[in-house]
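Descriptive analysis of the structure
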Amino acid sequence: MGYAEVRAVALVGMVGQVVIVESDVADGLPTVIFSGLPDTALSQSRDRVRAAVVNSGESWPQRRITVNLRPANLPKHGSSFDLAVAVSMLAACGTLPLDPLRDTVILGELGLDGAVRPVRGVLPAVLAAMRAGLRYAVVPAGNALEARLIPGIVVKATDTLRRLIDFLRSGGPLLDPEEPAAAVPPAGPDLSHVLGQERGRRAIELAAAGGHNVALFGPPGAGKTMLAQRLPTVLPALDDEAALEVTAVHSLAGALPSGSPLMRRPPFQAPHHTTSVAALIGGGSGVPRPGTVSLAHRGVLFMDEAPEFAVAALEALRQPLEDGLVRINRARAQTVYPARIQLVLAANPCPCAKPGGDHLCECPPLRRRRYLSRLSGPLLDRVDLRVMLHAVRVSALLDDVTGEPSTAVAARVAAARAAAQSRWGSSNAAVHDQVLRGSRFRLPGVVTKPLVRESDLGLLSARGFQRTVRVAWTMADLDGRTVPDAGDVGEAVELRRGTPR
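By convention here, each chain's residues receive numbers from 1 onward along its written sequence. Residue-level local features of this predicted model are given only where pLDDT is at least 70; pairs of side-chain atoms are given and counted only at 80 or more, and the full residue set underlies all totals for whole chains, interfaces and linings. By convention in this description, side-chain values take in all heavy atoms of the structure and omit both hydrogens and water.

The chain carries the name AAA+ ATPase domain-containing protein in an unreviewed UniProt entry, which gives Virgisporangium aliadipatigenens as its organism. UniProt positions are given in the numbering used here, feature names are shortened, and annotations may be inferred rather than shown by experiment. Quoted verbatim from the Sequence similarities (unreviewed entry) field of UniProt, the annotation for the chain is "Belongs to the Mg-chelatase subunits D/I family. ComM subfamily."

As structure tokens, this is what we get:
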């Protein structure tokens, strides 16, 4: 008879909490009992652990084993507790010493052959262990690179249960995370490929420089998708804090790219128009998982053929666009995921979508209005730039002249972002309304006259007024000026009017 405990981490959304995995071995009928609100995957751990222990050359105790995960009122899910359960069981039987595991958290899934397999969410789990004061972490070899991104904690890796047992008994070596090879950014799409759409290129540059949302309307083949796909190529690389946030979300979703764990490029997500609300926003049974909108955190969410999405999915974007996060409520807990995104909507002006433009449209006016009305006023009110693209002329396609490359545009974007950061510590799209209305940055009446006229006509909401002012500041930053002028405000108003009638 014996008792032993080790530490693991339970994740509820992005928040991790250190969990004590305790095992008690007592006389009685041979069985394994789990307590502490385990889900199905964790309850099935008994079979994986038994096979892994036996196939690692150890004897399975023919006794009554009780495994508790405390605090018992915290839901536990997933297979990342397997390795901790196996170690605590063997230690409770008296076959393993636990002194080498002081101040250590253990994470990993066990295969039936005793292999330790990678799990989701190692990055936020190790971060939670570091914040709880633990100094060491043992993780699967496949998760070692992402785990080592957390400073202040020593990461060791193991590929098998046998290796960890030998380490505890005789001081055998664990694996050290290898230094990742210098990542070479893949050659992505370039803005120079976009021909004959100067207005669309201007909108993409403004969106990148200020962090604004953009809607692109136009017939098929006008370049809407090409422009959206090239927005990430002109965005600045993520700083350390943002890169860790993005990497943690992708770690939790099991979507980290192999070989380069720290994501420095803004992510780009383009869900299909049949995507459900749960897949877009996040959800699932038990503890909700991050959705596409969270996978696009600090990057671009591109919704092609936007009117084809379910209305409920489109309307679900309103809160993330406003708050920069997603709250998913369940009976047991509330889960919060980050979702600070740049939204890019692309839509044809009508259902028939004739390549030649409106003069060839066969849609009745009522059908056309119903199609575009799926993009509601409250959703479009959160979109700062609305551009109507026209079909590209054949002469532009046959011309040898190429457009300005992404590298040149990215340089201007970086300078504009730096100007906004030095002025008020954030991008223009994120600056608070009270700062814009303050005496220091309030624009004079002669400059905001077009905005006042639009508001008086009922064409601009209070939110739209402030968002248009932000776009004007972005224009000034791109031109290297310290204050927007009337021309900037006029252009910003025109860009906001670009919804097809």
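After that view of the structure, there is still more to cover.
Here we take up the nonpolar core. Take the buried Ala, Val, Leu, Ile, Met, Phe, Trp, Tyr and Cys residues and link them wherever side-chain atoms come within 4.5 Å; each set so joined is a nonpolar core. Each residue is assigned to one of three classes by its accessible area relative to the maximum for its type, calculated with a 1.4 Å probe on protein chains only: buried under 20%, partly exposed between the two thresholds, exposed over 50%. Of all hydrophobic cores here, the largest spans 48 residues; its most connected members are Val 126, Val 139, Met 303 and Leu 317. Per-element tally for this core: the top contributor is helix α4 (residues 122–131), with six residues. Any two residues having at least one pair of non-hydrogen atoms within 4.5 Å are treated as being in contact. Setting aside residues up to four positions removed in sequence, Leu 317 forms contacts with Leu 280, Ile 281, Val 293, Leu 301, Met 303, Leu 343 and Leu 379. Membership of the second largest hydrophobic core comes to 40 residues, among which are Val 67, Leu 74, Met 89 and Val 116. Numbering of helices and strands runs from the N terminus; a helix is a DSSP stretch of H or I covering at least four residues, while a strand is a stretch of E covering at least two.

This part takes up the layout of surface pockets. Roughly 1100 Å³ of internal volume is contained in the largest pocket. What lines the largest pocket is a set of 34 residues, and nearest its centre among them are Arg 298, Arg 340, Arg 417, Ser 427 and Ala 430. Residue polarity is assigned by list, with Asp, Glu, Lys and Arg as charged and Ala, Val, Leu, Ile, Met, Phe, Trp, Tyr, Cys and Pro as nonpolar; anything else, Gly included, falls into the polar class. A breakdown of the residues in the lining of the largest pocket according to their chemical character gives 13 nonpolar, 10 polar and 11 charged. Using a 1 Å grid laid over the protein atoms alone, points where a 1.4 Å probe fits but cannot get out form a cavity; open sets with protein on both sides within 12 Å along at least 5 of 7 lines form a pocket; any residue with an atom within 4 Å of a point counts as lining. Grid points are joined across faces, edges and corners, and a volume is the space filled by probe spheres set on the points.

Listing the buried residues of helix α6 (residues 161–170) in full gives Leu 161, Leu 164, Ile 165 and Leu 168. In a view along the axis of α6, the buried residues occupy a sector of 100 degrees, so they form one face of it. Contact partners of the buried residues in α6: α2 (45–55), α3 (82–92), β6 (109–110), β7 (116–117), β8 (136–140) and β9 (154–158). One or two residues past the end of α6 sits Gly 171, with phi positive at roughly 75 degrees. As used here, the arc belongs to the directions running from the helix axis to the C-beta atoms.

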